[in-house]
Structure formats: structure tokens, C-alpha cells
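Per-entry structural report
For reference, the chains in residue letters:
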Amino acid sequence: EAGVTQSPRYAVLQEGQAVSFWCDPISGHDTLYWYQQPRDQGPQLLVYFRDEAVIDNSQLPSDRFSAVRPKGTNSTLKIQSAKQGDTATYLCASSHRVGTEVFFGKGTRLTVV
Amino acid sequence: SQWGEENLQALSIQEGEDVTMNCSYKTYTTVVQWYRQKSGKGPAQLILIRSNEREKRSGRLRATLDTSSQSSSLSITGTLATDTAVYFCATPLNTGNYKYVFGAGTRLKVIA
């Protein structure tokens with residue numbers, strides 16, 4: 001089966017620019033996660049969905065970050081006005097249901113200069 | 001933070017050696033996941049161990065969980081160059097919560 005697909009793989013922005021990341025989870029997986037992974041650190045959960053509903057977005061900087069999953073399949077994570085501190089790899093992951101094995105995509109490496 | 005180790009640890013060993021990586025966590029948990037992340041890839045789950053298991057094996061991998069000392073370990077026997085990766089442990093933020101918190105990880109380099 002196809003894995004979790006993310007695009008783009010890389011992005012380089014000036015501070016203040018906007019960017020969107022796209023994720024296609026494994027077919028049939030109802031739970032989708034977005035993680036931020038700074039260099040040399042572990043992934044940090046930003047938000048996760050069950051179907052189209054946001055279950056937890058407490059770690060998502062709501063003033064600049066937004067995430068949607070309108071049909072309970074693909075998802076988009078958007079940064080409205082990027083800052084240098086947003087430089088990181090953004091990972092999307094999915095699971096059949098919460099608590100089961102989580103499968104990660106390859107991530108999008110974002111550099112904000 | 002959930003974890004005792006805040007900084008990425010680094011290990012370099014020769015192929016064929018055995019290695020053990022440790023994690024200690026600050027809050028009580030009954031389940032720990034171990035992940036491996038190779039360069040340019042997302043993390044891949046290796047082992048999920050629960051407190052009632054104490055030890056779990058998968059091929060050359062062995063994970064332990066000691067809730068009394070709030071620590072977990074992952075051992076690899078007969079390492080291969082292809083085991084070169086960063087290894088993370090992760091545990092739920094709260095009991096029954098599926099919001100997993102990852103440790104800083106161990107960067108393992110296996111030299112052929």
C-alpha cells in the first residue's frame with residue numbers, strides 16, 4: 001500500500017511569507033497528525049484530527065498556523081507569516097485509529113531566512 | 001518536559017557490536033513507543049511496549065520498560081551499518097492520552 005505522501009519536500013521562505021504543506025494519508029486511516037521537528041530534536045505534535053474534526057490543536061500557534069482536513073482525507077497545514085523560528089521539518093502521520101501504529105511521511109523541510 | 005534527556009545523544013560503534021539506548025521520563029506512563037528515523041525519512045515505529053510486558057523483542061531489537069524507575073531501553077544486537085539512524089522513544093502525555101511526546105533521541109552511527 002502507498003505510504004503517507006507529503007509535498008513539497010523542501011521550501012525556502014523569507015520571513016513574513018506564507019506557505020502551505022499538503023498531506024495525503026494512508027487510505028482508510030481516520031487519524032491524521034502534524035508534527036514539527038526542529039533540527040536535532042524529536043517531533044513535536046502540533047495538531048491531530050479524527051476524520052475532519054480537530055481533536056487537539058493546543059500546540060498549534062493559532063495566530064499564524066492553521067490546519068484543515070475538510071473531507072477527512074487529505075490535509076493542509078498553513079503558516080501565514082513565517083518566522084525564522086519556524087525553520088524545521090514538518091511531518092504528517094496517519095493511523096487507522098487513535099492508539100494504533102502511526103505511519104509517518106518523509107516530511108517537508110522548511111527554511112525561513 | 002516529559003523526558004529527562006533534553007539533548008540529542010550520539011553514539012558511534014563498529015558493525016557487529018551490540019548497543020543499548022536509554023530513555024527516562026518524568027511522568028508515569030504504561031506504554032512507550034520506540035521509533036527509528038533514517039536520514040531524510042520520517043520516523044518509523046519499531047516497538048510498542050506496555051508496562052505489563054516489561055520486555056518485548058522483535059528480531060534483533062529488544063525493548064524494556066521499568067515503570068518503577070520510569071525508564072525504557074532499546075537494545076540492538078549484532079548491529080549493521082543499516083541500523084545507522086536516530087532512535088526516539090515516545091510516550092503519551094497523560095494516561096489514556098494518544099498525544100505522544102518524543103524524547104530528543106539518540107543518533108546512532110554504525111561503522112562498517
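Residues numbered from 1 in each chain as written. Chains lettered and ligands numbered in written order. Predicted model: local features only at pLDDT ≥ 70, side-chain atom pairs only at ≥ 80, totals over all residues. Heavy atoms only, no water.

**Focus: the overall build of chain B**
A count of helical and extended segments in chain B gives zero helices and 10 strands. For chain B, the succession of helices and strands along the chain, N to C, is β-β-β-β-β-β-β-β-β-β. By residue count, 44% of the 112 residues in chain B fall in the buried class. Carbon and sulfur atoms make up 46% of the accessible area of chain B, which amounts to about 5400 Å² in all. (Helix = DSSP H or I, 4+ residues; strand = E, 2+ residues; numbered from the N terminus. Buried < 20%, exposed > 50% of the residue type's maximum accessible area, 1.4 Å probe, protein only. Areas by Shrake-Rupley, 256 points an atom, 1.4 Å probe, with all protein chains shown as cover.)

**Quick look at unusual backbone geometry**
Residues and elements named next belong to chain A. Each neighbour pair has its own omega, and for S7 with P8 the value is -10°, a cis peptide bond. Looking at where P8 falls in the secondary structure, it is placed in the loop between β1 (5-7) and β2 (10-13). Positive phi outside glycine occurs at D40, with the angle close to 60°. Summarising the element assignment, D40 is placed in the loop between β4 (31-37) and β5 (44-50). Taking the relative accessible area as the measure of exposure, D40 reaches 41% and is therefore partly exposed.

**A closer look at the packing of aromatic side chains**
Inspection of every chain in the model, using the stated rule, returns 10 aromatic pairs over all chains. Taking 6.3 Å as the distance between ring centres and 85° as the angle between the ring planes, the aromatic pair formed by F104 of chain A and F102 of chain B counts as edge-to-face. Taken together, the residues F104 of chain A in strand β10 (residues 103-104) and F102 of chain B in strand β9 (residues 100-102) connect one chain to another. Both residues of the pair, F104 of chain A and F102 of chain B, count as buried. Ring centres 5.1 Å apart and planes at 45° place the aromatic pair Y35 of chain B and F102 of chain B in the tilted group. (Phe/Tyr/Trp six-rings, centres within 6.5 Å; stacked < 30°, edge-to-face > 60°.)

**Let's talk about the state of the cysteines**
Think of a disulfide as a covalent bridge from one cysteine sulfur atom to another cysteine sulfur atom. Tallying each qualifying case throughout the model produces two disulfides over all chains. Linked covalently through their sulfurs, C23 of chain A and C92 of chain A form a disulfide whose S-S length is 1.9 Å. Residues C23 of chain A and C92 of chain A are joined by a disulfide whose S-S torsion is about -70°; by sign, that bridge is left-handed. With C23 of chain A in strand β3 (residues 19-24) and C92 of chain A in strand β9 (residues 88-95), the pair connects residues that are 69 residues apart, well separated along the chain. For C23 of chain A, a relative accessible area of 0% puts it in the buried group. Residue C23 of chain B pairs covalently with C89 of chain B via a disulfide, S to S 1.7 Å. Disulfide C23 of chain B to C89 of chain B: torsion about the S-S bond roughly -90°, handedness left-handed. (Disulfide = S-S within 2.5 Å.)

**Here we look at the sheet that holds strand β2 (residues 19-24) of chain B**
Residue and element names in this part refer to chain B. Read across the sheet, four strands follow the order β2-β7-β6-β5 without closing on themselves; strand pairing throughout is antiparallel. Only two strands of the sheet have a single neighbouring strand rather than two, namely β2 and β5 (55-58). This sheet shows a mean twist of 15° between the axes of neighbouring strands, independent of strand direction. Relative to strand β7 (residues 71-76), β2 runs antiparallel, the two sharing six bridges. Directly across from T20, in β7, lies its bridge partner S75. (Pairing = 2+ DSSP bridges. Axes fitted to C-alpha atoms, helices over the stretch in contact; angles between N-to-C directions.)

Honestly, it's all geometry; don't read function into it.
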